[in-house]
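The residues making up each chain are set out below.
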Amino acid sequence: MILSTAWTAVLLLSPLVHGAVLPKSDDGNPTIKAKLNHAYKPSPHAYTRALRKWQHRLGTDAHDPAMKGVIANVTSTPTIYDVEWVTSVGFGTPAQWLPMDLDTGSADVWVYSDLMDPKKLANRTYFRPELSTTGTEVANSSWTIQYGDGSYASGKIYTDTISLGGVDIKGAAVEAATTVSPSMLQDNEISGVFGLPYKLTSQTIPQFPTVMQDLNPLLDQKVFTADLRYQANSEYQFGYIDPTKYIGEIQYIPLVAEAGTWWTVEYSLYTFDTMDHWQAVKRQGIVDTGTSLILLDEDIVTRYYNTVEGAVQNSHSGWVYPCHVNLPSLTLGFSDEAKYEIPGKYMKFAEDPDSGEGMCMGSLQAISDGFPYSILGDIFLKAVFAVFDYDKGAVGFAKKSIDL
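Since the model is a prediction, treat every value here as computed from it, not as a measurement. Throughout, a residue's number is its position along its own chain's written sequence, starting from 1. Where local features are concerned, this predicted model is filtered to residues with pLDDT of at least 70; where side-chain atom pairs are given and counted, the filter is 80 or more; whole-chain, interface and lining totals use all residues. To get the side-chain values, all heavy atoms of the structure are used, and hydrogens and water are removed first.

Trainee: Help me understand the state of the cysteines, please; the structure alone is not making it clear to me.
Mentor: In a disulfide, the sulfur atoms of two cysteines are covalently bonded to one another. Two cysteine sulfur atoms form a disulfide, by the criterion used here, when they sit within 2.5 Å. Taken as a whole, this structure holds one disulfide when the rule is applied. Here Cys323 engages in a disulfide with Cys360; their sulfurs sit 2.0 Å apart. Between Cys323 and Cys360, the disulfide has an S-S torsion of 105° and is therefore right-handed. In this pair, Cys323 sits in the loop between strand S19 (318–322) and strand S20 (330–333) while Cys360 sits in strand S23 (residues 359–362), placing the two residues 37 residues apart along the sequence. Each residue is assigned to one of three classes by its accessible area relative to the maximum for its type, calculated with a 1.4 Å probe on protein chains only: buried under 20%, partly exposed between the two thresholds, exposed over 50%. Residue Cys323 is classed as partly exposed on the basis of its relative accessible area of 23%. Numbered from the N terminus, helices here are DSSP runs of H or I no shorter than four residues, and strands are runs of E no shorter than two.

Trainee: Looking at this structure, how should I read the side chain of Asp352?
Mentor: Within the secondary structure, Asp352 sits in the loop between strand S22 (348–351) and S23. For Asp352, a relative accessible area of 1% puts it in the buried group. Engagement of the side chain of Asp352 in a polar contact is seen with the side chain of Ser355, the distance being 2.5 Å. Think of a polar contact as two N or O atoms within 3.5 Å of one another; within protein, one of them needs to be a possible hydrogen donor and the other a possible acceptor, and neighboring residues in sequence only count if both atoms come from side chains.

Trainee: Is there a simple way to think about the environment of Trp143 in this case?
Mentor: Along the chain, Trp143 falls in strand S7 (residues 142–146). Judged by relative accessible area, which is 1%, Trp143 ranks as buried. As a C-alpha pair, Trp143 and Ser202 span 59 residues in sequence and 8.7 Å in three-dimensional space. Here Lys156 takes part through its backbone oxygen, which lies 3.0 Å from a polar atom of the side chain of Trp143.

Trainee: Please clarify how the sheet that holds S20 should be interpreted in this entry.
Mentor: Hydrogen bonding along the main chain pairs the strands of a sheet, whether they run parallel or antiparallel. A strand pair is defined by DSSP finding two or more bridges across the two strands. Pairing is mixed across the open sheet formed by seven strands, whose spatial order is S21-S20-S15-S16-S25-S17-S24. The outermost strands of the open sheet, each flanked by one partner alone, are strand S21 (339–342) and strand S24 (364–366). Across the sheet, the mean angle from the axis of one strand to that of its neighbour is 40°, orientation sign disregarded. Relative to S24, helix H4 (residues 298–305) is tilted by about 135°, and along the sheet it contacts strand S15 (264–272), strand S16 (279–287), strand S17 (294–296), S20 and S24. In this analysis an axis means a line fitted to C-alpha atoms, helices contributing only their contacting stretch, and an angle means the value between N-to-C directions, from 0 to 180 degrees. Contacts between residues were defined by any pair of non-hydrogen atoms, one from each residue, lying within 4.5 Å.

Trainee: What exactly am I supposed to notice about the sheet that holds strand S18 (residues 312–314) here?
Mentor: Taken in spatial order, the four strands line up as S18-S19-S23-S22 in an open sheet, and their pairing is antiparallel. Of all strands in the sheet, those bounded by a partner on one side alone are S18 and S22. Within this sheet the neighbouring strands show an average axis-to-axis angle of 45°, counted without direction. Taken strand by strand, H4 contacts S18, S19 and S23, and its axis lies near 10° from that of S19.

Trainee: Honestly, the nonpolar core in this entry has me stumped. Any pointers?
Mentor: Side chains that are nonpolar tend, in soluble globular proteins, to be buried together. Core analysis: the largest hydrophobic core is formed by 91 residues, its most contacted members being Phe334 and Phe380. Phe380 has contacts with Ile294, Leu332, Phe334, Tyr340, Ile342 and Phe397, leaving out every residue within four places of it along the chain. To define a nonpolar core, start from buried Ala, Val, Leu, Ile, Met, Phe, Trp, Tyr and Cys residues and group those joined through side-chain atoms within 4.5 Å. Within the second largest apolar cluster, 18 residues are counted, among which are Tyr112, Tyr126, Trp143 and Tyr147.

Trainee: Even after reading the chapter, I still don't get H4, so can you show me in this structure?
Mentor: Every α-helical turn comprises 3.6 residues, leaving residues that sit three or four positions apart pointing alike. Where H4 is concerned, the buried positions are Ile300, Val301, Tyr304 and Tyr305. Take H4 and look down its axis: the buried residues cluster within an arc of 125°, on one side only. Arc, as used here, means the arc of the directions from the helix axis to the C-beta atoms.

Trainee: Even after reading the chapter, I still don't get the pairing of S23, so can you show me in this structure?
Mentor: In regular strands, side chains alternate between the two faces of the sheet. The alternating pattern of S23 places Met359 and Met361 and Cys360 and Gly362 on opposite faces, both of which are buried. For S19 and S23, the ladder comprises three bridges, and the chain directions are antiparallel. Across the sheet, Tyr321 pairs through a bridge with Cys360, a residue of S23. Sheet topology places S22 next to S23; three bridges connect them, and they run antiparallel.

Below, the structure written as structure tokens:
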């Protein structure tokens, strides 16, 4: 596909009716329309999954003794479970549309396939490489991904066409699963993970470029945006920044050089609406669409919940509080011009009956002691318009209209 002008690949996050014709937006850009994943149910186990995801990838361990029991008890729950939005992506020719989890915290694009045991594919959409007229199996190839909760996937590599928002990425590496751990099979709502890395490399043998490395040369701008929404359809755009999606100016935060493979930025201020001042800090956070929660240092999180009546820290889901209590907002500052408030409404994550009747888990939790980064997950991203810019080497944030 030859692109002579700027284009937008717009992904409304949730499943597309397979085989449907891609509608066009008013300016001719291809648009994929779909709905929120209504099967999504926030779970208290999201905290442990988030910790294990990042501890595994950065080679650290949980140092909080209270968390050891949590980690031991969640091996049956996959890292990619509780995906709030899924995006329809086409694989092969003709395109086989699969619901995918878009993840800025990983690099690979892998899918369930008919190379697996058929009994494990019941009630799931999966890739059938033999039906594609443009696919080629790569001889002596393999890939393996190990997630922090002990779940895993592995398989073979094909080169084939990937259709993203109506744009065809030809000759891309499609990692077709032959083996998936039992825990991951519990989630029938998604058919794989689509990595949106900065400079992470894929886990393939032989080494293949990531799909984003294949896509970026086609873009008028090497950029994509995320407009995640509270309990509503959300949207990604590739190659274009839509000025109607945000309010005011986009403030670009340079990526932290020493964390060069991740979308990592530095924040320097924080406050709650129960505080009467800004607190200065110097912390680094990975912007991750593949993590539901916000994970900050223990001292910040403890200070936050000390302002919440009845809040306690327990051994299985972190900080919990009485569900009838209204949580304070949290504001993070990246500079004097870039301060973004997460409404208190967003700070409630899930009911947690295991912690007692009427108890809820908060969306803000503590990162493990000794872990070098905060994780700015979906709860934060619902409050901002986010720009991931390869050429600038930066993540941009802007304010937007949000549901209060």
